[in-house]
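Structural overview
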Amino acid sequence: MDVGEFELISDVTADLPAGDDVLLGVGDDAAVLRPAGDVVVTTDMLVDGIHFRQNWSPAFQIGRKAVAVNVSDVESMGAVPSAIVMALGLPAEAELDWVRELSAGVRDEAARAGVSLVGGDTARSGAVVITVTALGNLDGRAPVTRSGAREGDLVAVAGRLGWAGAGLTVLQRGFGSPKELVAEQQCPSVPYGQGRVASEAGATSMVDISDGLLADLGHVCAASGVGMDLATSNFELPEAIQRVSAATGVSPWNFILAGGEDHALAATFPAGTELPAGWRRVGVVTGSGEVTVDGERWEGPRGWTHFG
Ligand SMILES: Nc1ncnc2c1ncn2[C@@H]1O[C@H](COP(=O)(O)OP(=O)(O)O)[C@@H](O)[C@H]1O
Ligand SMILES: Cc1ncc(C[n+]2csc(CCOP(=O)(O)OP(=O)(O)O)c2C)c(N)n1
Ligand SMILES: [Mg+2]
Ligand SMILES: [Mg+2]
Ligand SMILES: [Mg+2]
């Protein structure tokens, strides 16, 4: 890269819009926020070769994804996203234009998500690593945790399932279409705002789907001491996913139930809750201690793990 560290930082941080929560943004030793209540904080990193590949995804979409996957975790607590900070690790040979595109993607998704970029760090590293930390406000509401699901609750989902996983399979096989699936792998469509909506509708537990629906619901079951049963008849089976399944021989349920990275929200609600718009009932909370599908043990994959 033919610019210095501080030129690069100026570029990445030029004219950042500041939201209502920002008292002091980029430029000092730390940012100062004025949250309206209890603060939610979370961090996830994107590592080149693990979470994205530069030849599968334009820098703009990688920047968007780094924001989306983090704000998704704020949403899943029932909080209103407020601010992000971003740590950028860049190899010496990274192109300035590539970093500018990444930064444009970060800004684009931050605007969609309603968050301000208020700080970060930039360092040389062996591979591109983008670590975003996201904050949100509970505004006096209790957080919606993984531990509140109760037997008899209904299980519901907001957002897409299976698209990102099917898109990954497409890319891994060297193809670029169906484009709508590849686009969801490059950057998921997070159902922004639905975390708070679910909280207000009385959600008893919530999680965002990063590893896979079965894996992430498994975390809720473990934390809540319950099980769940999902009914496949309740899920949408998008035509594009069916096409990928037909072409690859991979069951569409592997994508929908275990694909991960869609960053849909899954929540439990007391039985009888009239679900808010955007939420679809997919199952019920049981006492079994595990997540079953159509009443049976699921023998297929459950989701992504980094190790083991
Ligand atoms: N290196 C770490 N140090 C401290 N806490 C961590 C670390 N890695 C993960 N965690 C915590 O462990 C929990 C599970 O992490 P993870 O599966 O990445 O959550 P999520 O899927 O919501 O991003 C989270 O509460 C996260 O904050
Ligand atoms: C190059 C590449 N290989 C594999 C994947 C698939 N993949 C990587 S991480 C991941 C799961 C989600 O990532 P993680 O870091 O576990 O997010 P978190 O659960 O912490 O939010 C999946 C499905 C990908 N997106 N890109
Ligand atoms: Mg994480
Ligand atoms: Mg996460
Ligand atoms: Mg999560």
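The rules behind each value
Residues numbered from 1 in each chain as written. Chains lettered and ligands numbered in written order. Predicted model: local features only at pLDDT ≥ 70, side-chain atom pairs only at ≥ 80, totals over all residues. UniProt positions renumbered as here; feature names shortened; annotations may be inferred. Near = placed C-beta within 6 Å. Nonpolar A, V, L, I, M, F, W, Y, C, P; charged D, E, K, R; others polar. Domains from an automatic or database assignment. Helix = DSSP H or I, 4+ residues; strand = E, 2+ residues; numbered from the N terminus. Buried ≥ 20, exposed ≤ 12 C-beta atoms within 10 Å, placed from the backbone. Axes fitted to C-alpha atoms, helices over the stretch in contact; angles between N-to-C directions. Parallel < 35°, antiparallel > 145°, perpendicular 65-115°, else oblique. Contact = placed C-beta atoms within 7 Å. Left-handed = near helix turned anticlockwise from the far one by under 90°. Pairing = 2+ DSSP bridges.

For the chain, the name recorded in an unreviewed UniProt entry is Thiamine-monophosphate kinase, with Tessaracoccus rhinocerotis as its organism. Per UniProt, the chain has the following entry under Pathway (unreviewed entry): "Cofactor biosynthesis; thiamine diphosphate biosynthesis; thiamine diphosphate from thiamine phosphate: step 1/1." In UniProt, the chain has this text filed under Catalytic activity (unreviewed entry): "thiamine phosphate + ATP = thiamine diphosphate + ADP".

1. A word on the site of ligand 2
Near ligand 2 you find 14 residues, and of these Arg 53, Ser 210, Gly 260, Glu 261 and Trp 304 are the closest. Broken down by class, the residue content of the shell around ligand 2 amounts to 5 nonpolar, 5 polar and 4 charged. Inspection of the shell around ligand 2 shows a minimum of three residues originating in each of domain 1 (5–137) and domain 2 (154–293).

2. Concerning the UniProt feature "binding site: Mg(2+) 4" (unreviewed entry) in the chain
Annotation from UniProt places "binding site: Mg(2+) 4" (unreviewed entry) at Asp 29, Thr 42 and Asp 73. A stretch of 45 residues holds the annotated residues, and the largest C-alpha distance among them is 25.8 Å, long enough that they do not meet in one place. For Asp 29, the location among the structural elements is in the loop between strand S1 (22–24) and strand S2 (32–33). The exposure class of Asp 29 is exposed, given the 5 C-beta atoms found within 10 Å.

3. Here we look at the domain arrangement of the chain
Here the chain is described as being made up of domain 1 (5–137) and domain 2 (154–293). Among the secondary structure elements, those contributing two or more residues to the side of domain 1 that touches domain 2 are helix H2 (59–75) and helix H3 (96–113). Looking at which element gives the most residues to the side of domain 1 that touches domain 2, the answer is H2, with 9 residues. Partitioned by chemical class, the residues of the side of domain 1 that touches domain 2 number 8 nonpolar, 6 polar and 5 charged.

4. Observations regarding the packing of helix H4 (residues 163–172) against helix H5 (residues 179–186)
Relative orientation of the contacting elements H4 and H5 amounts to 105°, with a least axis distance of 7 Å. When the axis of H4 is compared with that of H5, the two are roughly perpendicular. Counted together, Trp 163, Ala 164, Ala 166, Gly 167, Leu 168, Val 170 and Leu 171 of H4 and Leu 181, Val 182, Glu 184 and Gln 185 of H5 form the full contact between these two elements. By residue class, the composition of the contact of H4 with H5 is 8 nonpolar, 2 polar and 1 charged.

5. Observations regarding unusual backbone geometry
Going from Ser 177 to Pro 178, the amide bond is cis rather than trans, its omega being 10°. Mapped onto the fold, Pro 178 is located in the loop between H4 and H5. In this structure, Glu 261 takes a positive phi of about 65° despite not being glycine. Along the chain, Glu 261 falls in the loop between helix H9 (252–258) and strand S10 (265–269). According to the C-beta neighbour criterion, Glu 261 is buried, with 24 such atoms within 10 Å. A positive phi angle, near 55°, is found at His 263, a position not held by glycine. Take His 263: it is sitting in the loop between H9 and S10. Overall, the presence of 26 C-beta atoms within 10 Å leaves His 263 in the buried class.

6. A short note on the packing of H4 against helix H8 (residues 239–248)
Between H4 and H8, the least distance of the axes is 10 Å, while the angle of their chain directions is 40°. By the angle class used here, H4 and H8 are oblique. As for how H4 packs across H8, the hand of that crossing is left-handed. Between H4, through Ala 166, Thr 169 and Val 170, and H8, the contact on the second element is made entirely by Ile 241, Val 244 and Thr 248. Each residue belonging to the contact of H4 with H8 can be placed in one class, and the counts come to 4 nonpolar, 2 polar and no charged.

7. Let's talk about the sheet that holds strand S4 (residues 80–90)
Ordered in space as S3-S6-S4-S5, the 4 strands form an open sheet in which the pairing is mixed. Unpaired on one side and paired on the other, strand S3 (39–47) and strand S5 (116–124) mark the two borders of the sheet. Ignoring which end each strand starts from, the neighbouring axes of this sheet average 15° apart. As judged from the 8 bridges shared by S4 and S5, these two strands associate in the parallel manner. By the bridge assignment for S5, Ala 83 is matched with Ser 116. Those strands touched by H3 are S4 and S5, and its axis lies near 170° from that of S4.

8. A word on the sheet that holds strand S7 (residues 154–158)
Sheet architecture is open: 6 strands sit in the order S8-S10-S7-S11-S9-S12, paired in mixed fashion. Lying at the two open borders of the sheet, with one neighbouring strand each, are strand S8 (205–208) and strand S12 (291–293). Neighbouring strand axes in the sheet, compared pairwise and without regard to direction, differ in orientation by 25° on average. Note that strand S9 (residues 227–230) and S12 share 3 bridges and pair parallel. What sits directly across from Met 228, in S12, is Val 291. Relative to the sheet, helix H7 (residues 213–224) contacts S8, S9, S10 and S12, its axis offset from that of S8 by approximately 150°.

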